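# Structural overview for review
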Amino acid sequence: MINDSAVAAGVSAGGLGRAQLHELYHYLQLTRQVEQALTNLYRQNKVIGGLYRSLGQEATAVGAVYALRRRTDGTGDVLAPAIRNLGSLLLMGAPPAEVLRQYMAKGNSPTAGREQNVHITDYQRGYLAPISHLGTMIEILAGVALSFRMRGERRVALGFSGDGATSTGAFHEGFNFAAVQRAPLVVIIENNRYAYSTPIERQTACESFIEKAGGYGVWSECCDGNDVLAVFGMTRRAVERARAGEGAALLEVITYRRKGHAEHDPQHYVPAEELKHWQERDPVDAFERRLLAEGWATPDELETIRARVAEQVERARDQAESSPMPEPEGALYPVYGDAEIARPWTRLSLPDPHLA
Amino acid sequence: MATVKEQTVRPREKPEHVRHTELGKPVTLLEAIREALWEEMERDPTVFLLGEDIGSYGGAFKVTEGFLDYFGADRVMDTPISEAGFTGAAAGAAHMGMRPIVEMQFMDFVSCAYEPLTNYVATSRWRGSGPVPLVVRGPVGGGVRGGPFHSQNPEMAFFHTPGLKIVYPATAHDAKGLLKAAIRDDDPVLYFEHKKLYRLPALRETLPNEDFVVPLGQARVHREGKDITVVAYGMMVHESQRAAEQLEQEDGLQIEILDLRTLLPLDDDAIVQSVRKTNRLLVVHEDTRTGGIAGEIALRVSERAFEWLDAPILRVTAIDTPVPYSPPLEDYFLPQVSDIVTACRYLAKY
């Protein structure tokens, strides 16, 4: 990492220079503002289906992915986000307009309307669409990491898991396999205290999720998920360890889901004082205070970044809103690769169409 | 822990037991599968095997015996007991350009990997996540007194999933050619090996000493006949053959046997073509009755060849229970040659 001389306290800034710190702030803002735009579009019935926010936990995705080797030619690290990691895609290079089209089920979305929200794959930029079955992506990423290790490529796979997904068999089977094979897989357990309405006390008897790391024989670390620099530093240690051939790592970030499971969920099960406590620990506000207090940014610089992001999001929203919905026959996208057997089945096959 | 590279000691000589065809000797169905795996691994460095006890032990049925010493532990990878975990991992490796072949120690355990296969693997291409060139193979089928959890035919649990291909060979030639085609295919293939056919001496045949594939999705006329079409696959091809020989001798009936070879995609053209010739159709499968492939075939024939039928479509299948353990019970469970004979006589008289 380049150490910018303008940063007085290089160590506490994770070795990041001023421009990089501003970039982190940019992506925190971008995540929040894109999601805010999505919420507005959702309320206008323009986002199709559910909307799952990462309000209050944006620092996790942004901080962690900043530690990856991000490339646009398919040679970098590979990531699979969970539902509250939209920021990770933005940081990997997903254009906001592409993301908005995907949430709005548009015909020119990355999946042409067949799939939703963060379920986007881009092998060049290095992210894999998750599926809704929790834990499965840990299995998939174990294989991604395994292939890196087998071919001697110095690349790393990064997976996000909610606290709830750690209870699945898939999580265990996938992570254990990666650990046994010393595959370069880093998994971040994003402990935001709730899986839908179920609190972590009903998810595990462990005091913390990284207690489980001992059961896998892997390296582990835990940090404040609302401190973007702490998340970056922790992830970078795990990623570089994995890159050096030292195997898998299990990380935990302590954060909090400030919205319901999705926008339809008024989260009645959450105590008001708990929400208030975490609101005061907002990761974007916290980083902003830190940037100013340390002299890493001026108020004007931050205002410029916010305004630039706002403009970027507005332009993306216009592009997405003016995009067409898919043609219905788009559902017939081939499930097989060889054309001659990818015959579309139809809803009705009349033996003799002339009799209809 | 020893590193993978330390374990990789590669002998120069290809062992004798994978050279039968090269030496002009006949092979069993199991040996045909072994040769296919070996040759594909030699041809393509991205092909690798993973599964339980496939390394130094050589697999529960010894299909991969001798592979570890030659190809090393990275390409013949012993896994933890975690069918979902290593099947999902195979998919991830496939995304990155590898061609993994997953062995289920018994295909009964593929149900543990139902989740990654149906939700992730089968949908990947359509979801925009790209192809998953992956083969999941392993032993299936009853008649070996394996009980409810080592005898299943789980093909139809996956038949309903668009995006998967399902292959179930009945001969050594097809076993080798179909497995090679499956490995080279860009889509995920479930490949079923009937364990009772593995070493059946009658199935030994001398294969062409050259690289060949049997294309997926094409049925094969196993026996030509004009009176009744019997559609079958796997072990039931051979049970139908026995019934056909008896019917020829005792009743003078010419039974046509169509071996499906690939269940998904289903070759309905071949079925319809045969039915148009014989006008009578019997479907035989070792799988249980309800939700078996006979139902799907009957409807497709009804759609495409209803007016060609001179009799109702019949089926001979296992009974709708788990596979029983004790020999009298299992024999009662499994379709018998006598059932096929009876069904054909009914169709002939109708």
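What comes next is a walk through the structure. (Residues numbered from 1 in each chain as written. Chains lettered and ligands numbered in written order. Predicted model: local features only at pLDDT ≥ 70, side-chain atom pairs only at ≥ 80, totals over all residues.)

Helices and strands together make up the secondary structure of chain A, namely 11 helices and seven strands. Structurally, chain A occupies a C-alpha span of about 80 × 45 × 45 Å along its principal axes. Buried residues in chain A amount to 50% of all 356 residues. (Helix = DSSP H or I, 4+ residues; strand = E, 2+ residues; numbered from the N terminus. Buried ≥ 20, exposed ≤ 12 C-beta atoms within 10 Å, placed from the backbone.)

Our next topic: the overall build of chain B. From N to C terminus, chain B includes 13 helices and 12 strands. Taking 2.2 N^0.38 as the reference for a compact globule, 350 residues should give roughly 20 Å; the C-alpha atoms of chain B span a radius of gyration of 20 Å, in line with that estimate. Out of the 350 residues belonging to chain B, those deemed buried represent 56%. In chain B, of all internal contacts separated by at least 6 residues, the share reaching a separation of at least 24 is 80%. (Rg over C-alpha atoms; globule rule 2.2 N^0.38 Å. Contact = placed C-beta atoms within 7 Å.)

For the rest of this paragraph, the subject is the sheet that holds strand β8 (residues 228–232) of chain B. Residues and elements named next belong to chain B. An order of β7-β9-β8-β11-β12 is seen for the five strands of this open sheet, with the pairing classed as mixed. Each edge of the open sheet is held by one strand with a lone partner, namely β7 (220–223) and β12 (314–318). Between one strand axis and the next, the sheet turns through 25° on average, direction left out of account. One ladder, built from five bridges, connects strand β11 (residues 281–288) with β12; its direction is parallel. Note on β12: the bridge partner recorded for V284 is V316. Relative to β11, helix α11 (residues 293–305) is tilted by about 155°, and along the sheet it contacts β8, β11 and β12. (Pairing = 2+ DSSP bridges. Axes fitted to C-alpha atoms, helices over the stretch in contact; angles between N-to-C directions.)

What follows deals with helix α6 (residues 169–180) of chain A. Here α6 of chain A spans 16 Å end to end across 12 residues, near enough to the 16 Å set by a 1.5 Å rise per residue. Within α6 of chain A, 11 of the 12 residues are buried, which leaves it mostly tucked inside the rest of the structure. Within α6 of chain A, the full set of buried residues consists of A170, F171, H172, E173, G174, F175, N176, F177, A178, A179 and V180 of chain A. Its buried side turned inward, α6 of chain A meets α5 (136–151), β2 (157–162), β3 (185–191) and α7 (213–216) of chain A together with α4 (83–95) and α5 (114–121) of chain B. (Expected span 1.5 Å × (residues − 1).)

If you look at the biggest cluster of nonpolar residues, it comprises 206 residues, and the most contacted ones within it are A142, L185 and V186 of chain A together with L282 and C344 of chain B. Top element by residues in this core is helix α1 (residues 18–43) of chain A. It accounts for 10 residues. Split by domain, this core shows at least three residues from each of two domains, domain 1 (13–203) and domain 2 (220–349) of chain B. Discounting chain neighbours no more than four positions away, the residues touching L282 of chain B are I228, V230, L314, R315, V316, A343, C344 and L347 of chain B. (Core = buried A, V, L, I, M, F, W, Y, C linked by C-beta atoms within 7 Å. Domains from an automatic or database assignment.)

Let us now look at the sheet that holds strand β2 (residues 76–78) of chain B. Residues and elements named next belong to chain B. In space, the seven strands of this open sheet follow the order β2-β1-β3-β4-β6-β5-β10, with mixed pairing throughout. One side of each edge strand has no neighbouring strand; the edge strands of this open sheet are β2 and β10 (262–264). The sheet shows a mean angle of 20° between the axes of neighbouring strands, taken without regard to direction. Pairing geometry for strand β5 (residues 165–167) and β10, over two bridges, is antiparallel. Bridge pairing in β10 places V167 opposite T262.

To continue, consider the packing of helix α2 (residues 58–65) of chain A against helix α8 (residues 228–243) of chain A. Residues and elements named next belong to chain A. Where α2 contacts α8, the two axes come as close as 7 Å, and the packing angle between them is 40°. Classified by the angle their axes make, α2 and α8 are oblique. α8 is crossed by α2, and the crossing has right-handed handedness. Two secondary-structure elements touch here, α2 through A59, T60, V62, G63 and A64 and α8 through V228, L229, V231, F232 and T235. The residue inventory of the contact of α2 with α8, partitioned by class, reads seven nonpolar, three polar and no charged. (Parallel < 35°, antiparallel > 145°, perpendicular 65-115°, else oblique. Left-handed = near helix turned anticlockwise from the far one by under 90°. Nonpolar A, V, L, I, M, F, W, Y, C, P; charged D, E, K, R; others polar.)

The next subject is α4 of chain B. Residues and elements named next belong to chain B. Across its 13 residues, α4 extends 18 Å between first and last C-alpha, which sits within 8% of the 18 Å expected from 1.5 Å per residue. Counting buried positions over the 13 residues of α4 gives 13, a clear majority of the element. In the stretch just after α4, G97 is the one whose phi turns positive, near 100°.

Residues and elements named next belong to chain B. Interhelical geometry of helix α10 (residues 268–278) versus α11 gives an angle of 65° and a closest axis separation of 10 Å. Crossing angle aside, the handedness with which α10 passes α11 is right-handed. Here D268, I271, V272, V275 and R276 of α10 come into contact with α11, specifically with I297, R300, V301, R304 and A305. Considering only residue class, the contact of α10 with α11 consists of six nonpolar, no polar and four charged.

Residue and element names in this part refer to chain A. Within the secondary structure, F148 sits in helix α5. When the C-alpha positions of F148 and M234 are compared, they lie 22 Å apart, and in sequence the two are 86 residues distant. Apart from residues no more than four positions distant in its own chain, F148 is found in contact with E153, R155, A157 and P184.

What follows is about the environment of F192 of chain B. In this fold, F192 of chain B is placed in strand β6 (residues 189–194). When near neighbours in sequence (up to four residues on either side) are disregarded, F192 of chain B contacts M107, V140, E155, V167, Y168 and G234 of chain B.

Residues and elements named next belong to chain B. With respect to burial, strand β1 (residues 47–51) is a largely interior element, five of its five residues being buried. Pairing of β1 with strand β3 (residues 99–103), which is carried by five bridges, proceeds in the parallel orientation. Paired with L49 across the two strands is I101, which belongs to β3. Bridge analysis of β1 against β2 gives three bridges, and the strand direction is parallel. If you follow L50 over to β2, its bridge partner there is M77.

At the interface, 36 residues of chain B touch 36 residues of chain A. Contributions of two or more residues to the side of chain B that touches chain A are made by α4, α5, α6 (124–127) and α11 of chain B. When residues of the side of chain B that touches chain A are assigned to their parent elements, the largest contribution, 10 residues, is made by α4 of chain B.

Omega for the peptide link from L264 of chain B to P265 of chain B comes to 0°, which places this bond in the cis form. With respect to the element layout, P265 of chain B can be found in the loop between β10 and α10. We note that A105 of chain A has phi near 60°; this positive angle belongs to a residue other than glycine. Residue placement: A105 of chain A occurs in the loop between α4 (96–103) and α5. A positive phi angle is found at R193 of chain A, which is not glycine, with a value near 80°. In this structure, R193 of chain A sits in the loop between β3 and β4 (194–195).

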